[in-house]
Amino acid sequence: MGDLLAGRRKQSILVVEDNPVNAALMKELLSRRGYPTIAVQSAAAAEAEIRREPPDLILLDVIMPGKSGYELCRELKEDSKTRLIPIVLITGLSAREDRLKGIEAGADDFLTKPISAEELFARVSSLLKLKEFTDELETADSVLCTLGRSVEARDPYTEGHCERLARNAADLGRYIGVDDESIVALGRGGYLHDLGKIAVPDEILKKGSDLTPAEWEIMKQHPVTGETICRPLKSLRLVLPIIRYHHEHSDGSGYPDGLRAGEIPLLPRILQVADIYDALRTARPYKPALDHEQAAVTMCAEARSGLWDEDLVSEFFGMLDKRQQVA
Ligand SMILES: [Fe+2]
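All chains use their own residue numbering, which begins from 1 and follows the written sequence. For a predicted model such as this one, the threshold for reporting local features is a pLDDT of at least 70, and the threshold for listing and counting side-chain atom pairs is 80 or more; totals across whole chains, interfaces and linings nevertheless cover every residue. Side-chain measures here rest on the full set of heavy atoms in the structure, leaving out hydrogens and waters.

## Side note on the pairing of strand β4 (residues 87-91)
Burial classification: accessible surface area is computed with a 1.4 Å probe over protein chains only, and a residue below 20% of its type maximum counts as buried, one above 50% as exposed, and the rest as partly exposed. Helix and strand definitions follow DSSP, with helices as H or I runs of at least four residues and strands as E runs of at least two, each counted in order from the N terminus. With 5 of its 5 residues buried, β4 lies for the most part within the structure. Across the two faces of β4 the burial is the same, with I87, L89 and T91 and V88 and I90 all buried. One requirement defines pairing of two strands: DSSP has to find at least two bridges between them. Sheet analysis places strand β3 (residues 57-61) next to β4, joined by 4 bridges and oriented parallel. Following the sheet pairing, I58 is matched in β4 by I87. Pairing of β4 with strand β5 (residues 109-112) involves 4 bridges; the strand directions are parallel. Bridging from a neighbouring strand, L89 pairs with F110 of β5.

## Re the coordination of the iron ion
Donor atoms: N, O and S within 2.8 Å of the metal, or within 3.2 Å for Na, K and Ca. Because water is excluded, sites can look incomplete. D194 (OD), H222 (NE2), H246 (NE2) and H247 (NE2) make up the full set of protein donors to the iron ion, lying at 2.0 to 2.2 Å. Irregular is the label for any site that misses the other tests, which are tetrahedral for four donors with all angles between 85 and 135 degrees, and square planar for four donors or octahedral for six when opposite donors exceed 155 degrees and the remaining angles lie between 65 and 115. For the iron ion, the 4 donor atoms in the first shell make angles of 86 to 179° at the metal, so the coordination geometry reads as irregular. The sequence pattern describing where the donors of the iron ion fall on their chain is D-x27-H-x23-H-H. Taken as a pair, H222 in helix α10 (residues 222-230) and H246 in the loop between α11 (240-245) and α12 (266-281) lie far apart in primary sequence, 24 residues in all. Looking at H246, the relative accessible area reads 1%, which means it is buried.

## Comments concerning the sheet that holds β3
Spatial strand order, β2-β1-β3-β4-β5: 5 strands in an open sheet with parallel pairing. Taken across any chain shown, the strands that pair with only one partner, and hence form the sheet edges, are β2 (37-40) and β5. Direction aside, the axes of adjacent strands within the sheet are offset by 20° on average. The contact criterion used is simple: two residues touch if any of their non-hydrogen atoms lie within 4.5 Å. Lines fitted to the C-alpha atoms define the axes, with helices restricted to the stretch that makes contact. Angles between their N-to-C directions range from 0 to 180 degrees. Together, β1 (13-16), β2 and β3 form the strand contacts of helix α2 (residues 43-52), whose direction differs from that of β1 by roughly 165°. Helix-sheet contacts for helix α3 (residues 69-78) involve β3 and β4, and the interaxial angle to β4 is about 170°.

## Looking at a nonpolar patch on the surface
A cluster of nonpolar side chains, namely V143, L147, I198 and I229, defines an oily patch on the protein surface of about 270 Å² accessible area. As for its position among the elements, V143 is in helix α5 (residues 117-153). Each patch is built from residues lacking any salt bridge and having more than 30% relative accessible area; the joining distance is 9 Å for like charges and 5 Å for nonpolar side chains (Val, Leu, Ile, Met, Phe, Trp, Tyr). Residue-level accessible areas treat just the shown protein chains as cover; the underlying method is Shrake-Rupley with a 1.4 Å probe. Here a salt bridge means any side-chain nitrogen of Lys or Arg lying within 4 Å of a carboxyl oxygen belonging to Asp or Glu.

Okay, structure coming up:
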């Protein structure tokens, strides 16, 4: 992975501290150690700076005029674009209650005033190493998702399928109340479920239907191939079952393992429902696109006949109806 990150920029630090003397002192200490550092004096100025150039670490005073450090910390940790930036809260001497509030707000670490230079450097250096590691994982994830998109691009009839699938699968997960980690996995599954098709030759992939038994055997290997490619990445732990089991059927007639209803984990069943819907709504050389109502009738009938999870199909159309009402 190191090769992927060759030429990486220097990691930067944002100091948010309303006291100009303290802010200048921290900026001076960190800059002398070689960290590019910017200091601002309010939460509003910090937000503008983060939007302009997200830093690799934030040192955040808890008490400031306007929005407090706790509030800013909570907001940054709830936003998917900034949640992986480590935040060190700078608290006063009577720190216990401050720390509890900080932990609730999602802070990664704490520094107590008056700040000692050694403690500051120790915290900064360990959190920046962690951030570097997170960035590497993110890079690996995005490389794989790009690969997933490139597989999709080989088949001109599936344009935009990954994006729609990622959105619909994650929305269905959210609708039925799965946890946040699983929702993220469903989004990634949208891009990665067919990654194994990278090993399927073009002439088979583009044929679409009427595969010979030998060609079909090759096509059926794509869930296992995709799982093997993604297995080394711990961050994709919850995505692996989605990749492996997205072609299983409730009646045991699917592949690669011939699992039955109760044996197929929930996340692949969720993705599958979104996948089937998208396939039915898309025109292919050998079939026209169905409209929403036709797709609903077809999927409900197929679920009753033992292919898909009937409850999830019904939840999926409930979710789409609700989305329609909101729009
Ligand atoms: Fe597939």
